[in-house]
Amino acid sequence: MPNPQINLKALVKGLFSRNVISMFASGEGLLTQKDSVTEDGLQEVFETNVFGHFILVTDIFTLPIKELQTLLCHVDNPSQLIWTSSSNARKSAFSLADYQHRQGQESYSSSKYATDLLSVALNRQYNKEGLYSSVVCPGLVMTNLTYGILPSFFWTLLMPIMWLIRVFTNSFTISTYNGAEALLWLFNQKLESLDPLAKYHSCTSGLGRNYVKPLRMDLDDASSLSFYGKILDLEKQIRKRFVPGNC
């Protein structure tokens, strides 16, 4: 999340609205970023959060060296991809016409929604190969990324409020240990039983009990497949530029 900044106008407005808890839980409208273009000609956040991982997945199925495919793709012994998404992933921040989010200041939110779309599309494409995809949300976790948004003293002042808010909304996991709950839970599930349209949220109760809450994502198969088609086209363009002998 390059150069994250707080939208002070949205913060003040949200503090005096009925959506104050939801605002802090999801960061909706609060965070803006100044994105940049990489040497590959792609938006930095999109390439980091979405496209780089997508290239790795498709390489499993297209590279001449098949070791990874042999390891991961067994219909009788399925494997799993788990994407770390976010409650900040919002449909309103994403556009198929601008899926790299060149226009706008919510590139992180857009990229996480794109991750959700991609996970659903990969299930449709590769379940028959024995590969399943899921997305998790770790909740609000205090990491170096979080501390980079506001000065450290501000978070010190906010911490008691965050503990209080956790009584009302259990998405305030706060620690990385708590945030990893959904990852560990998914690892122990029967893959065929998982809902490809659900995002699995790590939650922590006010008393400190960790649990997982699946929530339906705000998307559908049609939109996920449309995005999948666009990202496949982008992959073809990038591979043409970097074929052996042309570098």
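Here is a short report on the structure shown in this document. None of these values were measured; they are calculated from a predicted model. (Residues numbered from 1 in each chain as written. Predicted model: local features only at pLDDT ≥ 70, side-chain atom pairs only at ≥ 80, totals over all residues. Heavy atoms only, no water.)

### A short note on the sheet that holds strand β6 (residues 210-216)
Sheet strands pair via backbone hydrogen bonds, and the direction of the pair is either parallel or antiparallel.
Here's step 1: With mixed pairing, the four strands of this open sheet are ordered in space as β3-β4-β5-β6. If you trace the sheet from one side to the other, it starts and ends with β3 (79-84) and β6, each paired once. Across the sheet, the mean angle separating the axes of adjacent strands is 30° when strand polarity is ignored.
Here's step 2: Direction of pairing for strand β4 (residues 131-137) relative to strand β5 (residues 198-204): parallel, over a ladder of three bridges. Bridge pairing in β5 places V136 opposite Y200. (Pairing = 2+ DSSP bridges. Helix = DSSP H or I, 4+ residues; strand = E, 2+ residues; numbered from the N terminus. Axes fitted to C-alpha atoms, helices over the stretch in contact; angles between N-to-C directions.)

### Considering the nonpolar core
Here's step 1: Ranked by size, the top nonpolar core spans 30 residues in total, and within it F46, F51, L118, L122, F227, Y228 and I231 carry the most contacts.
Here's step 2: The set of elements that each furnish at least two residues to this core consists of α3 (44-62), β3, α5 (107-126), β4 and α10 (221-241).
Here's step 3: The element best represented in this core is α5, accounting for eight residues.
Here's step 4: Setting aside residues up to four positions removed in sequence, F46 forms contacts with F51, Y99, Q100, F227, I231 and L234.
Here's step 5: One finds L158, M162, I165 and I174 within the second-largest nonpolar core, a separate group that totals 10 residues. (Core = buried A, V, L, I, M, F, W, Y, C linked by side-chain atoms within 4.5 Å. Buried < 20%, exposed > 50% of the residue type's maximum accessible area, 1.4 Å probe, protein only. Contact = heavy atoms within 4.5 Å.)

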